[in-house]
Amino acid sequence: MSTARIARETMIPAIQRAGNAKIVAIASSNEQVQHVAQQFHIPKVYDTYEALLVDPEVEVVYIPLPNHLHMEWAIKAAEHKKHVLCEKPAALCEEDVRKVVKACRENGVIWMEAFMYQFHPQHRRVKEMIASGEIGEVKSIRSSFSFYLAERENNIRMNETFGGGSLLDVGCYCIHSIRFLLQAEPVVLSVCSTYDDQYGVDTLTSGWLQMNNGVHASFDCSFNMFPRNEYEIIGTKGKLVVPRAYRPDIQQGDGLIIIQTDEGIVKEEIVKGDQYRLQVEHFSQCVIDRTKPSYSDDEIIQQAKVLDVCRLSAKTGKVIELVETRKEEGDK
């Protein structure tokens with residue numbers, strides 16, 4: 001759905017590289033859609049999303065629309081019995097994510113929020129290193145994702161109504177990776193944001209989280225800073241740095257893990273992977289086999305909940321305690 005830049009530059013090529021998926025149609029009212037279809041040899045072109053949804057040959061839709069449209073079109077796709085791979089954030093708030101989950105469950109379709117980075121094998125390797133005790137007991141984690149946004153006028157990232165701002169655009173990766181790597185949830189958090197005077201969106205957000213396993217976590221994200229996409233995990237015996245955490249595709253898929261131990265040993269390990277293709281293949285196989293994605297409904301709901309609380313803390317200036325509900329979500 002749409003000719004969004006992320007679709008043209010990453011996801012359409014990834015689907016075409018995948019071994020268990022193919023693109024049969026693209027839809028957009030944008031006049032660019034014909035050119036995109038020709039460029040990628042997409043056989044069917046629709047000028048409305050509704051027309052795509054009634055095509056019986058379409059089994060799965062990929063939604064890279066502006067954030068505020070994710071819920072609406074995920075629900076409509078589910079109602080047409082189409083499986084849904086939706087760009088992050090899945091919706092603008094926890095309540096909206098729950099509506100999507102409900103629609104997908106009622107219509108028997110599989111859906112997933114597209115945090116592609118988690119499918120790169122470097123993160124599995126990081127988890128293995130932590131489990132083996134290479135850096136000792138984990139005490140702290142820090143994640144950062146930033147870039148300088150030069151073109152701001154008419155940019156959806158700067159549109160508050162569209163769900164713009166650095167937290168929902170790139171900070172969501174920081175929050176997700178903290179939860180994903182630690183397999184833990186925040187119980188206390190404090191977040192601070194700087195807002196753009198003209199557009200009203202956050203252009204710099206940073207925060208501190210205490211996780212339910214005792215680990216302290218911190219993050220920062222920005223449209224006003226030097227490009228970074230990294231995390232650092234510090235243990236009792238060393239530290240581990242992943243400087244290409246979220247976009248190793250920019251480095252031809254080469255992830256990089258740097259370990260420094262208390263013995264003064266520094267090791268570097270390159271882990272190769274095609275994270276966009278791996279995401280497509282994982283989701284497609286779930287559809288083929290009628291199995292649940294590794295990134296579950298409950299985890300997507302929890303991600304939205306944490307982002308909601310981050311924004312609340314930033315707006316109010318308060319430290320907020322979270323009620324743990326992750327184990328209960330499946331019953332709702």
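All values derive from a computational prediction rather than experimental measurement.

A few points about helix H1 (residues 5–17)
Phase 1: Relative to the 18 Å expected for 13 residues at 1.5 Å per residue, H1 spans 18 Å between its end C-alpha atoms, a close match to the ideal helical length.
Phase 2: Along its length, H1 reaches its greatest deviation from straightness, about 35°, at Met-11, and the proline Pro-13 lies no more than four positions downstream.
Phase 3: Looking at H1, one finds that the buried residues are Ala-7, Thr-10, Met-11, Ile-12, Pro-13, Ala-14 and Ile-15.
Phase 4: On its buried face, H1 sits against strand S1 (25–27), helix H2 (33–39), strand S3 (60–63), strand S4 (83–87) and helix H8 (275–289).

Remarks on the pattern of salt bridges
Phase 1: This structure, assessed with the given rule, holds 26 salt bridges.
Phase 2: The residue Arg-125 makes a salt bridge to Glu-269 at a minimum N-O spacing of 2.7 Å. Of this pair, Arg-125 sits in helix H6 (residues 121–131) while Glu-269 is found in strand S13 (residues 266–272), placing the two residues 144 residues apart along the sequence.
Phase 3: Residue class for Arg-125 comes out partly exposed when judged on its relative accessible area of 24%.
Phase 4: Overall, Glu-269 belongs to the partly exposed group, its relative accessible area being 25%.
Phase 5: Across the pair Glu-137 and Lys-139 runs a salt bridge whose closest N-O atoms are separated by 3.5 Å.
Phase 6: It is possible to trace a salt-bridge network through shared partners that takes in Arg-17, Asp-274, Arg-277 and Glu-281.

Things to note about the packing of aromatic side chains
Phase 1: Here the structure, examined in full by the defined rule, presents 11 aromatic pairs.
Phase 2: Their ring planes at 80° and their centres at 5.1 Å tell us that Tyr-49 and Trp-73 sit as a pair that is edge-to-face. Of the two residues, Tyr-49 sits in helix H3 (residues 49–53) while Trp-73 sits in helix H4 (residues 70–79), which places them 24 residues apart along the sequence. Like Tyr-49, the residue Trp-73 is buried in the burial classification.
Phase 3: Ring centres of Phe-115 and Tyr-173 lie 5.3 Å apart, and the angle between their planes is 90°; on these two criteria the pair is classed as edge-to-face. Of the two residues, Phe-115 sits in the loop between strand S5 (111–114) and H6 while Tyr-173 sits in helix H7 (residues 166–182), which places them 58 residues apart along the sequence. When sorted by exposure, Phe-115 lands in the same class as Tyr-173, which is buried.
Phase 4: A cation over an aromatic ring shows up here: Arg-152 above the ring of Tyr-148, its NZ or CZ 5.3 Å from the ring centre.

Re the packing of H7 against helix H9 (residues 297–316)
Phase 1: Contact geometry for H7 and H9: axes closest at 10 Å, N-to-C directions at 120°. Regarding the angle of H7 to H9, the classification is oblique. Of the two possible hands of crossing, H7 and H9 adopt the one that is right-handed. Residue-level inspection shows Leu-167, Leu-168, Cys-172, Ile-175, His-176 and Arg-179 of H7 in contact with H9, the latter providing Glu-299, Gln-302, Gln-303, Val-306, Leu-307, Cys-310 and Arg-311.

Considering the sheet that holds strand S12 (residues 254–261)
Phase 1: The strand order across the open sheet built from nine strands is S13-S12-S11-S10-S6-S9-S8-S7-S14, with neighbouring strands paired in mixed fashion. The open sheet has two free edges, formed respectively by S13 and strand S14 (320–321), since each of these has just one partner strand.
Phase 2: Where strand S8 (residues 202–211) lies against strand S9 (residues 216–222), seven bridges are found, and the strand directions are antiparallel. Among the inter-strand pairings, Thr-205 is bridged to a residue of S9, identified as Cys-221.
Phase 3: Sheet contacts for H6: strand S6 (138–148), strand S10 (224–235), strand S11 (238–242), S12 and S13; angle to S12, the most-contacted strand, approximately 20°.

Describing the nonpolar core
Phase 1: Among the nonpolar cores identified, the biggest contains 100 residues, and Val-61, Ile-63, Val-97, Trp-111, Phe-219, Tyr-231 and Leu-240 are the most heavily contacted of them.
Phase 2: Top contributing element to this core by residue count: H7, with 11 residues.

Conventions and cut-offs
Residues numbered from 1 in each chain as written. Predicted model: local features only at pLDDT ≥ 70, side-chain atom pairs only at ≥ 80, totals over all residues. Heavy atoms only, no water. Helix = DSSP H or I, 4+ residues; strand = E, 2+ residues; numbered from the N terminus. Expected span 1.5 Å × (residues − 1). Bend = angle between axes of the 7 residues up to and from the residue. Buried < 20%, exposed > 50% of the residue type's maximum accessible area, 1.4 Å probe, protein only. Contact = heavy atoms within 4.5 Å. Salt bridge = Lys/Arg side-chain N within 4 Å of Asp/Glu carboxyl O. Phe/Tyr/Trp six-rings, centres within 6.5 Å; stacked < 30°, edge-to-face > 60°. Lys NZ or Arg CZ within 6 Å of the ring centre and 35° of its normal. Axes fitted to C-alpha atoms, helices over the stretch in contact; angles between N-to-C directions. Parallel < 35°, antiparallel > 145°, perpendicular 65-115°, else oblique. Left-handed = near helix turned anticlockwise from the far one by under 90°. Pairing = 2+ DSSP bridges. Core = buried A, V, L, I, M, F, W, Y, C linked by side-chain atoms within 4.5 Å.

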